[in-house]
Amino acid sequence: MFEILKIINFAKEAYNIQQEIYEKLKNKLSDGSSGGGMVKVKINGNFELKFLEIDNSLFIMKDKNFLQDMIVAAINDGIKNSKLLISEEMKGIVNKLVI
């Protein structure tokens, strides 16, 4: 019976830590860019796009496909950096969750 209570408490603690990290990540931003900074994005730890900046020179070019590719590349770069941020945060969980 004691082992079951221990497992239940562990699960509750893990859930609480998960919620805490979710809230922290919501407020942490990762940068992404493409075209040498012609397109810049900021993505939070929940993979929500929070900021998008496009250099005016890209509109002058009037190349819709190129602009779309630049935006996609910047977002993908931001997601990659956000994943790195999340992995750093998750390392702390292991230290908190010891049975």
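Please read these numbers as outputs of a predicted model, since none were measured by experiment.

What counts as what
- Residues numbered from 1 in each chain as written.
- Predicted model: local features only at pLDDT ≥ 70, side-chain atom pairs only at ≥ 80, totals over all residues.
- Heavy atoms only, no water.
- Helix = DSSP H or I, 4+ residues; strand = E, 2+ residues; numbered from the N terminus.
- Buried < 20%, exposed > 50% of the residue type's maximum accessible area, 1.4 Å probe, protein only.
- Expected span 1.5 Å × (residues − 1).
- Pairing = 2+ DSSP bridges.
- Axes fitted to C-alpha atoms, helices over the stretch in contact; angles between N-to-C directions.
- Salt bridge = Lys/Arg side-chain N within 4 Å of Asp/Glu carboxyl O.

J.: Can you help me understand the environment of Lys 28 in this one?
T.: Among the structural elements, Lys 28 can be located in the loop between helix H1 (2-26) and strand S1 (29-34). The exposure class of Lys 28 is partly exposed, given its relative accessible area of 30%. C-alpha of Lys 28 to C-alpha of Ile 71: the two residues are 43 residues apart in sequence and 21 Å apart in space.

J.: How should H1 be read in this particular structure?
T.: Because an α-helix packs 3.6 residues into every turn, residues spaced three or four apart end up facing the same way. Spanning 25 residues, H1 covers 36 Å between terminal C-alpha atoms, matching the ideal 36 Å at 1.5 Å per step. Of the positions making up H1, those classed as buried are Ile 17, Ile 21 and Leu 25.

J.: I tried to follow the sheet that holds strand S2 (residues 39-44) on my own but got confused; where do I start?
T.: Working definition: the strands of a sheet are paired by backbone hydrogen bonds and lie parallel or antiparallel to each other. In space, the three strands of this open sheet follow the order S1-S2-S3, with antiparallel pairing throughout. Both outer strands of the open sheet, S1 and strand S3 (49-54), are each paired with one neighbouring strand and no more. Between one strand and the next, the sheet's axes are offset by a mean angle of 15 degrees, whatever the strand orientation. In this sheet, S3 lies alongside S2 in antiparallel orientation, the contact comprising five bridges.

J.: In this structure, what is going on with the environment of Asn 27? I would like to understand it.
T.: Considering the arrangement of structural elements, one finds Asn 27 in the loop between H1 and S1. Residue classification places Asn 27 among the exposed positions, given a relative accessible area of 62%.

J.: Looking at this structure, I do not really get the pattern of salt bridges. What am I missing?
T.: Two side chains that carry opposite charge are able to pair once their charged atoms sit near each other. Summed over all chains, the structure comprises four salt bridges. Of the charged contacts, one joins Lys 26 and Glu 23 as a salt bridge, the two residues approaching to 3.1 Å between their closest N and O atoms. Within this pair, Lys 26 and its partner Glu 23 are both found in helix H1, separated by three residues, close to a single helical turn. For Glu 23, a relative accessible area of 38% puts it in the partly exposed group. The closest approach of N and O atoms between Glu 48 and Lys 50, which form a salt bridge, is 3.6 Å. Given a relative accessible area of 52%, Lys 50 falls into the exposed group.

Bear in mind that shape data such as this cannot, by itself, settle questions of function.
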